[in-house]
Amino acid sequence: MKTEEVNKLIDKYLEGLTSAQEEKRLALELQREDAPEEWKVISMMLGELTLGEALYDQTLEQRSSRRKFLRLSWTAAASVALLVGWGIHSYVNQYDQDVAVMYVNGQKITDEKQVMAQSTAVVSEIFNLSEAPGDLVELFNME
């Protein structure tokens with residue numbers, strides 16, 4: 001606050017026209033290191049109670065702004081973590097598609113219809129009782 005503004009506020013205080021908020025603001029200004037000597041008299045008139053209230057209000061305001069900053073910081077961090085998690089999930093699932101794969105005689109087959117046909121043929125061949133080797137019949141209790 002500029003010196004002229006403080007002097008106007010002092011005049012208003014001496015006339016009894018200041019609000020409680022203005023008195024607290026004035027008390028804080030009068031405690032400045034570079035405050036002129038003449039302001040010290042007004043500071044004594046305001047008293048310790050007004051200064052104490054002003055300092056208390058200032059402390060509460062600082063704590064409130066710190067809480068807002070911390071809340072904003074945590075919100076930003078959570079948002080970034082959520083976006084990173086979503087990005088990783090999307091990247092991983094991009095390649096995670098249901099793909100049928102089968103190797104026949106060293107060749108890779110990825111056509112789903114061919115894989116299913118080959119699988120069905122192999123399973124039918126294994127469980128065909130007429131062609132099943134004796135060991136498989138005994139192993140699977142097939143008669």
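Further up the page is the structure itself.
Owing to the predicted nature of the structure, the values given are computational and were not obtained by experimental measurement.

1. Some remarks on the overall build of the chain
Within the chain one finds five helices and two strands. N-terminal to C-terminal, the α/β element order of the chain is α-α-α-β-β-α-α. For the chain, buried positions account for 17% of its 143 residues. In the chain, of all internal contacts separated by at least 6 residues, the share reaching a separation of at least 24 is 33%. Of the accessible surface of the chain, which amounts to about 11,700 Å², a share of 56% is contributed by carbon and sulfur atoms.

2. Concerning the layout of surface pockets
Estimated volume of the largest pocket: approximately 170 Å³. Taken together, Gln21, Glu22, Lys24, Arg25, Leu28, Ala54, Asp57, Gln58 and Glu61 make up the lining of the largest pocket. Secondary-structure elements contributing two or more residues to the lining of the largest pocket are α2 (20-30) and α3 (37-94). Broken down by element, the lining of the largest pocket gets its largest block of residues, five residues, from α2. Along the lines of polarity and charge, the residues of the lining of the largest pocket split into two nonpolar, two polar and five charged.

Cut-offs and rules
- Residues numbered from 1 in each chain as written.
- Predicted model: local features only at pLDDT ≥ 70, side-chain atom pairs only at ≥ 80, totals over all residues.
- Heavy atoms only, no water.
- Helix = DSSP H or I, 4+ residues; strand = E, 2+ residues; numbered from the N terminus.
- Buried < 20%, exposed > 50% of the residue type's maximum accessible area, 1.4 Å probe, protein only.
- Contact = heavy atoms within 4.5 Å.
- Areas by Shrake-Rupley, 256 points an atom, 1.4 Å probe, with all protein chains shown as cover.
- 1 Å grid on protein atoms, 1.4 Å probe; cavity = no way out; pocket = protein on both sides within 12 Å on 5 of 7 lines; lining within 4 Å.
- Points joined across faces, edges and corners; volume = space filled by probe spheres on them.
- Nonpolar A, V, L, I, M, F, W, Y, C, P; charged D, E, K, R; others polar.

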